Amino acid sequence: MTSLAQSPSAKSASVRAPGAAARLMAHRDWLGFWFMLPAALILISLLVYPLGLGVWLSFTNATIGDPGKFVGLDNYSWILGDATFLHSIVFTLAYTLIASSIKFALGLYLALLLNKRLPFKALVRSIILIPFVVPTVLSAIAFWWIFDAQFSIISWSLIKLGLISHNIDFLGDPMLARACVIFANIWRGVPFVAITLLAGLQTVSPSLYEAATIDGATPWQNFRFITYPLLTPIIAVVMTFSVLFTFTDFQLIWVMTRGGPVNSTHLMTTLSYQRAIIGGSLGEGAAISTSMIPFLLAAILFSWFGLQRRKWQQGGQA
Amino acid sequence: MASVDIVGVRKAFGHVEVVHGVDVTINDGEFVILVGPSGCGKTTLLRMLAGLENVTSGEIRIGGRVVNNLPPKLRDIAMVFQNYALYPHLTVGQNMGFSLKLKKAPLSEIAARVAKAADILGLQSLLERYPRQLSGGQRQRVAMGRAIVRDPQVFLFDEPLSNLDAKLRVAMRAEIKELHRRLATTTVYVTHDQIEAMTMADKIVVMHNGLVEQIGAPLELYDRPANQFVAGFIGSPAMNFLKGTLNVIGGVPNLTLADGARVPLVKAPFSSDGRPLILGVRPENLLVAAEGLEAEVGVVEPMGSETQIAVKAGGHALICLIRDRLMPKTGDMLRLLPEPAHVHFFEADSGRRIEAS
């Protein structure tokens with residue numbers, strides 16, 4: 001024991017001690033730090049710095065062409081009194097909640113379906129991925145046409161079928177417009193949920209279902225007691241991403257309605273863009289963007305707890 | 001407990017038939033092992049018993065009741081899977097009580113039955129653990145516990161020991177046999193390991209290419225294999241086969257091998273000369289003698305209690321198992337003589353057993 005403990009010090013006495021910097025370069029605990037450094041630099045310069053800049057901007061009265069001065073919480077007190085902003089929060093929450101829930105339900109349904117023996121499974125799988133592959137702007141433009149006041153194919157079909165007599169003004173009526181953008185978001189988001197959950201389903205060993213079937217489980221009980229619990233970790237990941245993507249959606253709304261009619265479909269992102277870039281009030285726009293952070297943090301925290309490794313996933317001896 | 005009757009059962013996947021009409025009768029309380037090389041249809045047959053595969057034609061009866069179209073849960077069977085198929089998100093106790101929970105049995109009853117099964121298998125201290133925290137042998141035991149809790153008519157085992165290491169396999173073999181002795185539940189057990197079959201079964205069903213080759217008690221199969229396949233499959237190291245023609249020389253029957261070497265026989269299955277024949281002799285019945293078939297020693301494997309010698313003789317590779325401390329060297333020449341009382345004869349073309357007269 002003693003000789004073992006002494007040997008390193010004896011060695012360092014005979015060999016000249018390396019400099020502090022060299023030791024820092026070689027030490028095991030610091031090695032990890034050096035390897036992380038490039039990634040950290042990229043993250044800091046491309047994520048943290050712009051984010052900080054954006055938050056800083058929200059405390060100034062900057063406009064386009066004018067760096068502005070620090071005005072404290074003025075922008076925030078102003079937007080809190082702004083009905084359009086408050087409405088955009090409510091609509092963003094509703095948009096996220098409704099679209100994410102339906103995306104989850106539909107995605108899970110499709111995943112379960114695709115996990116069964118199905119003719120032309122590979123083909124069906126690729127078809128389901130199409131909405132995800134098409135650039136959002138392109139599909140948004142398609143939806144814009146589908147919901148167009150004059151040329152809507154839906155109105156046209158219904159008129160031809162004799163069900164209605166006038167074109168439906170999908171994007172002109174506030175409630176209809178909200179429903180339409182939510183529909184488009186769901187259409188676009190379902191494949192991601194479905195394919196990811198399918199990947200999760202495929203990790204469940206078929207023999208578990210066989211064992212449960214022999215144990216007397218009905219198909220519903222198979223889902224309730226085997227599939228669902230084993231899928232929860234992946235559901236937590238998918239839904240976190242789905243919620244974040246939906247909450248920060250911009251392209252669909254901007255292409256289809258630009259927040260209209262009468263600001264009824266403004267998400268916080270589109271409102272921020274409109275105020276800051278179109279309207280030129282950079283400070284105010286930044287304040288609107290910054291207001292999204294608490295909501296996003298809440299969503300991330302929620303999923304962080306959801307993602308905690310469950311007891312059954314931990315290995316080793318208890 | 002119940003008897004199981006498998007009558008003319010066939011199974012086809014699409015156009016490919018994998019089980020070609022199998023008849024097996026399993027008596028109440030019997031431990032029957034389906035054994036055969038991989039792809040012989042034994043697992044498919046077991047899965048048909050369990051209700052995990054449909055029966056293409058024929059009939060399966062459990063306790064006299066035709067179960068062809070009954071779902072697994074109504075067949076009153078329990079199955080132990082090769083990979084154990086333990087529910088990873090449930091504790092050992094929950095795994096074992098799962099079937100009762102599905103039946104909505106009262107919690108007190110579930111706890112009592114799980115405790116009883118845990119007691120039988122020595123799992124009392126592990127009930128709160130998750131499958132990941134268990135060793136292979138413990139998982140195996142939990143899988144059996146899950147079956148025991150259900151108190152079924154028939155236990156089905158699908159290669160339950162193949163994921164265990166050799167030592168544990170031997171221990172679990174004894175444990176399963178002991179369990180069957182205590183519970184006396186009809187058991188159908190699938191394995192590709194003929195040693196498992198020999199050591200555990202009341203009755204062995206040897207399958208090959210979707211057909212039953214022979215059904216019988218372990219030693220019956222060992223002593224009187226019905227054909228060359230069973231003879232070669234049961235027993236380790238496998239039986240030696242010598243192919244040749246039967247000649248009577250000076251009133252003594254001889255088996256003449258392809259290269260002209262002769263094996264003198266005491267008795268022969270028929271008297272006529274020149275008929276092709278396969279002689280089977282187990283390694284332990286191939287004796288080193290002063291005269292007999294000349295053989296060149298290959299690899300010598302001493303195992304302490306016995307020595308296994310691989311030899312080449314008359315164009316055949318043979319294995320010889322001797323209990324004497326005879327240590328020939330590679331390249332040495334030996335003379336080998338089959339023990340007359342323990343030779344088997346098979347038809348050269350069909351491989352069927354021929355009784356020596």
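Residues numbered from 1 in each chain as written. Chains lettered and ligands numbered in written order. Predicted model: local features only at pLDDT ≥ 70, side-chain atom pairs only at ≥ 80, totals over all residues. Heavy atoms only, no water.

1. Digging into the sheet that holds strand 5 (residues 65–66) of chain B
Residues and elements named next belong to chain B. Reading across from one edge, 2-1-4-5 is the order of the four strands in this open sheet, with antiparallel pairing throughout. Strand pairing shows two members of the sheet lacking a second neighbour, strand 2 (16–26) and strand 5, which therefore form its edges. As paired elements, strand 4 (residues 57–62) and strand 5 share two bridges and run antiparallel to each other. Bridge pairing in strand 5 places Arg61 opposite Val66. (Pairing = 2+ DSSP bridges. Helix = DSSP H or I, 4+ residues; strand = E, 2+ residues; numbered from the N terminus.)

2. Some points on the sheet that holds strand 7 (residues 154–158) of chain B
Residue and element names in this part refer to chain B. A sheet is described by the order of its strands in space; here six strands give the open sequence 6-7-8-3-9-10, paired in mixed fashion. Edge strands, defined here as strands with exactly one partner in the open sheet, are strand 6 (77–80) and strand 10 (211–216). Shown here is a sheet whose adjacent strand axes are inclined to one another by a mean of 15 degrees, direction ignored. Note: strand 3 (residues 31–35) against strand 8 (residues 186–191), five bridges, orientation parallel. Looking across to strand 8, one finds that Phe31 is bridged to Thr187. The sheet contacts of helix 4 (residues 136–149) involve strand 6 and strand 7, and relative to strand 6 the element is tilted by about 175 degrees. (Axes fitted to C-alpha atoms, helices over the stretch in contact; angles between N-to-C directions. Contact = heavy atoms within 4.5 Å.)

3. Some words on unusual backbone geometry
Each neighbour pair has its own omega, and for Ser236(B) with Pro237(B) the value is -5 degrees, a cis peptide bond. Looking at the secondary structure, you find Pro237(B) in the loop between helix 8 (228–233) and strand 11 (240–249). One non-glycine residue, Arg258(A), adopts positive backbone phi at about 55 degrees. Locating Arg258(A) in the fold gives a position in the loop between helix 12 (251–256) and helix 13 (268–278). Phi angles above zero are rare outside glycine, and Glu159(B) is one such case at about 40 degrees. In this fold, Glu159(B) is placed in the loop between strand 7 and helix 5 (166–183).

4. Here we look at the interface of chain A and chain B
Facing the 25 residues of chain A at the interface are 26 residues of chain B. Between chain A and chain B, roughly 2300 Å² of surface is buried when both sides are summed, and carbon and sulfur atoms account for 61% of that area. Measuring nitrogen to oxygen at the nearest pair gives 3.8 Å for the salt bridge that ties Arg150(B) to Asp215(A). Linking chain A with chain B are six residue pairs in polar contact (both at pLDDT 80 or more), by the criterion used here. Counting residues per element, the ones that place at least two in the side of chain A that touches chain B are helix 10 (206–214) and helix 11 (219–247) of chain A. Per-element accounting of the side of chain A that touches chain B gives the leading share, seven residues, to helix 10 of chain A. (Buried area = accessible area lost by both parts, 1.4 Å probe. Salt bridge = Lys/Arg side-chain N within 4 Å of Asp/Glu carboxyl O. Polar contact = N/O pair within 3.5 Å; in protein donor to acceptor, adjacent residues only side chain to side chain.)

5. So, the pattern of salt bridges
Summed over the entire model, instances satisfying the criterion amount to 17 salt bridges over all chains. The partner of Lys203(B) in a salt bridge is Glu30(B), with the nearest N and O atoms 3.4 Å apart. On the criterion of sequence distance, the pair formed by Lys203(B) in strand 9 (residues 203–208) and Glu30(B) in the loop between strand 2 and strand 3 is long-range, its members being 173 residues apart. Lys42(B) is paired through a salt bridge with Glu159(B); the nearest N and O atoms lie 3.8 Å apart. Taken as a pair, Lys42(B) in helix 1 (residues 42–50) and Glu159(B) in the loop between strand 7 and helix 5 lie far apart in primary sequence, 117 residues in all. The same class applies to Lys42(B) as to Glu159(B), namely buried. Linked through salt bridges whose partners overlap, the residues forming this network are Glu210(A), Lys11(B), Arg47(B) and Glu53(B). (Buried < 20%, exposed > 50% of the residue type's maximum accessible area, 1.4 Å probe, protein only.)

6. Looking at the packing of helix 2 (residues 92–102) of chain B against helix 4 of chain B
Residue and element names in this part refer to chain B. Close contact between helix 2 and helix 4 brings their axes to 8 Å; oriented N to C, the two are set at 30 degrees. If you check the angle between helix 2 and helix 4, you find them roughly parallel. Both helix 2 and helix 4 take part in a crossing whose hand is right-handed. For the pair helix 2 and helix 4, the contacting residues are Val92, Asn95, Met96 and Leu100 in the first and Val142, Gly145, Arg146 and Val149 in the second. (Parallel < 35°, antiparallel > 145°, perpendicular 65-115°, else oblique. Left-handed = near helix turned anticlockwise from the far one by under 90°.)

7. Some words on the environment of Leu70(B)
Residues and elements named next belong to chain B. Of note, Leu70 is situated in the loop between strand 5 and strand 6. Counting along the chain gives 20 residues from Leu70 to Ala50, while the straight-line C-alpha distance between them is 9.7 Å. Excluding residues within four positions of it along the chain, Leu70 makes contact with Arg65 and Arg75.

8. With respect to the domain arrangement of chain B
Residues and elements named next belong to chain B. The assigned domain composition of chain B is domain 1 (4–227) and domain 2 (240–354). Computed over C-alpha atoms only, the centres of domain 1 and domain 2 are separated by 39 Å. Between domain 1 and domain 2, the residue contacts involve seven residues of the former and seven residues of the latter. Of the roughly 560 Å² buried where domain 1 meets domain 2, counting both sides, 46% is carbon and sulfur surface. (Domains from an automatic or database assignment.)

9. Regarding the domain arrangement of chain A
Residues and elements named next belong to chain A. Once the domains are mapped, chain A shows domain 1 (20–58) and domain 2 (74–309). For domain 1 versus domain 2, the separation of C-alpha centres amounts to 34 Å. Of the residues lining the interface, five residues belong to domain 1; the matching set on domain 2 comes to eight residues. It is Val55, Leu57 and Ser58 that lose the most area in domain 1 upon contact with domain 2, and together they represent 86% of the buried surface on that side. Seen at the junction of domain 1 and domain 2, the total is zero salt bridges.

10. A few points about the side chain of Ser207(A)
Considering the arrangement of structural elements, one finds Ser207(A) in helix 10. Among the residues examined, Ser207(A) registers a relative accessible area of 9% and is labelled buried. Once residues lying within four places of it in the same chain are set aside, the contact partners of Ser207(A) are Phe81(B), Asn83(B) and Ala85(B).

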